Amino acid sequence: ESYARLNAALLAAHPGYRRAQLLYDGRSRTWRAAGHFPEPTPAVTPAFLWDGAIILIGGEPAPGRRSARVWVGSLESE
């Protein structure tokens, strides 16, 4: 019971995940800003390429809260 209370307090106090998106350049080994996610960011989920699109399935928009949303995105070259 004490663990459940502690866990609930930690989840309630968590500010959420950052919405800023970063892009890693493997050649230069640097990160750069690449935009912002339009809603709470689904963390703890894999991202993968499918038919030229970036796919995110599910994830946690906040700690302890799972989502069934599917996101499809793309990268634009500069």
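From a predicted model like this one, the values you see are computed outputs, not experimental measurements.

Calculation rules
Residues numbered from 1 in each chain as written. Predicted model: local features only at pLDDT ≥ 70, side-chain atom pairs only at ≥ 80, totals over all residues. Heavy atoms only, no water. Phe/Tyr/Trp six-rings, centres within 6.5 Å; stacked < 30°, edge-to-face > 60°. Buried < 20%, exposed > 50% of the residue type's maximum accessible area, 1.4 Å probe, protein only. Helix = DSSP H or I, 4+ residues; strand = E, 2+ residues; numbered from the N terminus. Patch = residues over 30% accessible without salt bridge, like charges linked within 9 Å, V, L, I, M, F, W, Y side chains within 5 Å. Areas by Shrake-Rupley, 256 points an atom, 1.4 Å probe, with all protein chains shown as cover. Salt bridge = Lys/Arg side-chain N within 4 Å of Asp/Glu carboxyl O. Pairing = 2+ DSSP bridges. Axes fitted to C-alpha atoms, helices over the stretch in contact; angles between N-to-C directions.

## Topic: the packing of aromatic side chains
Argument step 1. In the structure shown here, the tally under the stated rule is 2 aromatic pairs.
Argument step 2. Plain terms: the ring middles of Y24 and W31 are 4.9 Å apart, the flat faces sit at 50 degrees to each other, and that makes the pair tilted.
Argument step 3. Classification of W31 by relative accessible area gives exposed; the value is 56%.
Argument step 4. Each ring, one from F37 and one from W71, has its centre 4.7 Å from the other, and the planes form 65 degrees; the classification is edge-to-face. Pair noted here: F37 is in the loop between β2 (30–36) and β3 (47–50) and W71 is in strand β5 (residues 70–73), with a separation of 34 residues, a long-range link.
Argument step 5. For F37, a relative accessible area of 8% corresponds to the buried category.

## Quick look at unusual backbone geometry
Argument step 1. A positive phi angle, close to 55 degrees, is found at R29, a residue other than glycine.
Argument step 2. One can find R29 in the loop between β1 (20–25) and β2.
Argument step 3. Accessibility expressed as a relative area gives 68% for R29, which makes it exposed.
Argument step 4. Phi is positive for D51, close to 55 degrees, though the residue is something other than glycine.
Argument step 5. Inspection of the secondary structure puts D51 in the loop between β3 and β4 (53–57).
Argument step 6. The exposed category is assigned to D51, whose relative accessible area is 78%.

## Examining a nonpolar patch on the surface
Argument step 1. A cluster of nonpolar side chains, namely F48, W50, I57, V70 and V72, defines an oily patch on the protein surface of about 540 Å² accessible area.
Argument step 2. Breaking the nonpolar patch down by element, the ones donating at least two residues are β3 and β5.
Argument step 3. Inspection of the secondary structure assignment puts V72 in strand β5.

## A closer look at the sheet that holds β5
Argument step 1. Overall, antiparallel pairing links the 3 strands, which are arranged β3-β4-β5 in an open sheet. Since the sheet does not close on itself, it has two edges, and those belong to β3 and β5, each with one partner. Each adjacent strand pair in this sheet contributes to an overall mean axis angle of 30 degrees, direction not counted.
Argument step 2. With 4 bridges connecting them, β4 and β5 associate as antiparallel partners. Along β5, the bridge assignment pairs I55 with V72.

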